[in-house]
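Residues per chain are reported as follows:
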Amino acid sequence: MGSDSMFTRLIQEASEDVEKDRVAMVTPTKAAAAREPKGPVDPGGILELLTEYLFDLFDANCTEDFKKMEAFEKRAVLAFDPDDEEYTLAQTELHTEFQQLFEALTGTFLKTEGYTCEQVYAIAEKAMKIGDGSSLQAMQASEVHDVIMAVVNFENWASEMKSIAARQRAYS
């Protein structure tokens, strides 16, 4: 009897822990909640923060996340010959790794800001539907969408890798 009640107690505690984790995943952090409202759709300003982060991720060589992307790019570009017209399985696997790195870095950023990917998706979707799409939030949402679509597009990514390989060859 004692082991049954202990088992029941452990199951209940585990369920409570799962519920706490679920609530924590959808509850913005104090930092996110304390920010000034940025508009009716995105009161926490996550779209603005995310567009800035994505810019820094690909263009700001002083951030740690940029350095991670750059290190991956330096490794991945070695698999590309600008003269090859076909792609290899290794290159498609590298693209998958690139996507996973992007998702991990972006996911960590969002979590730090107190958001889940699902919350940001909902905010972006609302922002793009309001008005004629020319609001600042709609443009930020569109920018985020464009970056994500570029990341998942193998042809665009592989073409960029070939361009980098060609430039490296030209300067070698």
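Peer 1: Explain the packing of aromatic side chains to me, please; I cannot follow it from the model alone.
Peer 2: To describe a pair of aromatic rings, you give the distance between the ring centres and the angle between the ring planes. Enumeration over the complete set of coordinates arrives at 7 aromatic pairs. On the basis of an interplanar angle of 25° and a centroid distance of 6.1 Å, the ring pair of Phe 72 and Phe 98 is categorised as stacked. Placement of Phe 72 in helix H4 (residues 64–76) and of Phe 98 in helix H5 (residues 89–113) is noted, with a sequence separation of 26 residues between them. Of the two residues, Phe 72 and Phe 98, neither departs from the other in class, the shared state being buried. The interplanar angle of 80° and the centroid separation of 5.4 Å between the aromatic rings of Phe 80 and Trp 157 together place this pair among those described as edge-to-face. Placement of the pair is Phe 80 in the loop between H4 and H5 and Trp 157 in helix H8 (residues 154–170), with a sequence separation of 77 residues.

Peer 1: Would you explain a nonpolar patch on the surface in this entry?
Peer 2: Together, Ile 148, Met 149 and Val 152 give the surface a local cluster of nonpolar side chains, amounting to about 240 Å² of exposed area. Among the residues examined, Val 152 registers a relative accessible area of 40% and is labelled partly exposed.

Peer 1: Where do I start with the pattern of salt bridges in this structure?
Peer 2: Pairing is possible between side chains of opposite charge, provided their charged atoms come close. Applying the stated criterion across every chain yields a total of 7 salt bridges. In this structure, Lys 129 engages Glu 125 in a salt bridge whose closest nitrogen and oxygen atoms are separated by 3.8 Å. Of this pair, Lys 129 and Glu 125 both sit in helix H6 (residues 117–129), 4 residues apart, which is roughly one turn of the helix. For Lys 129, a relative accessible area of 63% corresponds to the exposed category. Overall, Glu 125 belongs to the partly exposed group, its relative accessible area being 34%. What emerges from the salt-bridge pattern is a single network uniting Asp 81, Asp 83 and Arg 169.

Peer 1: Even after reading the chapter, I still don't get the environment of Glu 70, so can you show me in this structure?
Peer 2: With respect to the helices and strands, the residue Glu 70 is situated in helix H4. Assessed through its relative accessible area of 31%, Glu 70 is described here as partly exposed. Considering only alpha carbons, one finds Glu 70 and Asp 59, 11 residues apart in sequence, at a separation of 9.7 Å.

Peer 1: Explain the nonpolar core here, please?
Peer 2: Counting residues in hydrophobic clusters, the biggest one holds 32 residues, and the most contacted among them are Leu 50 and Trp 157. Mapped onto this core, the elements with two or more residues apiece are helix H3 (46–59), H4, H5, H6, helix H7 (136–152) and H8. With near-sequence residues (within four places) excluded, Leu 50 lies in contact with Thr 106, Phe 109, Leu 110, Val 120 and Val 144.

Peer 1: Please clarify how H5 should be interpreted in this entry.
Peer 2: Turn by turn, an α-helix covers 3.6 residues, leaving residues three or four places apart pointing in a common direction. Spanning 25 residues, H5 covers 36 Å between terminal C-alpha atoms, matching the ideal 36 Å at 1.5 Å per step. Every buried residue of H5 is listed here: Gln 91, Leu 94, His 95, Phe 98, Gln 99, Phe 102, Leu 105, Thr 106, Phe 109, Leu 110 and Glu 113. Among the residues trailing H5, Gly 114 stands out with phi positive, at a value near 90°.

Peer 1: Explanation requested: the packing of H3 against H5 in the structure shown.
Peer 2: Geometry of a packed helix pair, given as the angle between the helix axes and the separation of the axes. At a minimum axis separation of 11 Å, H3 and H5 run at an interaxial angle of 140°. With respect to H5, the axis of H3 lies oblique. For the pair H3 and H5, the sense of crossing is right-handed. Between H3, through Ile 46, Leu 49, Leu 50, Tyr 53, Leu 54, Leu 57 and Phe 58, and H5, the contact on the second element is made entirely by Phe 98, Phe 102, Leu 105, Thr 106, Phe 109, Leu 110 and Glu 113. Counted by class, the contact of H3 with H5 contains 12 nonpolar, 1 polar and 1 charged residues.

About the thresholds
- Residues numbered from 1 in each chain as written.
- Predicted model: local features only at pLDDT ≥ 70, side-chain atom pairs only at ≥ 80, totals over all residues.
- Heavy atoms only, no water.
- Phe/Tyr/Trp six-rings, centres within 6.5 Å; stacked < 30°, edge-to-face > 60°.
- Helix = DSSP H or I, 4+ residues; strand = E, 2+ residues; numbered from the N terminus.
- Buried < 20%, exposed > 50% of the residue type's maximum accessible area, 1.4 Å probe, protein only.
- Patch = residues over 30% accessible without salt bridge, like charges linked within 9 Å, V, L, I, M, F, W, Y side chains within 5 Å.
- Areas by Shrake-Rupley, 256 points an atom, 1.4 Å probe, with all protein chains shown as cover.
- Salt bridge = Lys/Arg side-chain N within 4 Å of Asp/Glu carboxyl O.
- Core = buried A, V, L, I, M, F, W, Y, C linked by side-chain atoms within 4.5 Å.
- Contact = heavy atoms within 4.5 Å.
- Expected span 1.5 Å × (residues − 1).
- Axes fitted to C-alpha atoms, helices over the stretch in contact; angles between N-to-C directions.
- Parallel < 35°, antiparallel > 145°, perpendicular 65-115°, else oblique.
- Left-handed = near helix turned anticlockwise from the far one by under 90°.
- Nonpolar A, V, L, I, M, F, W, Y, C, P; charged D, E, K, R; others polar.

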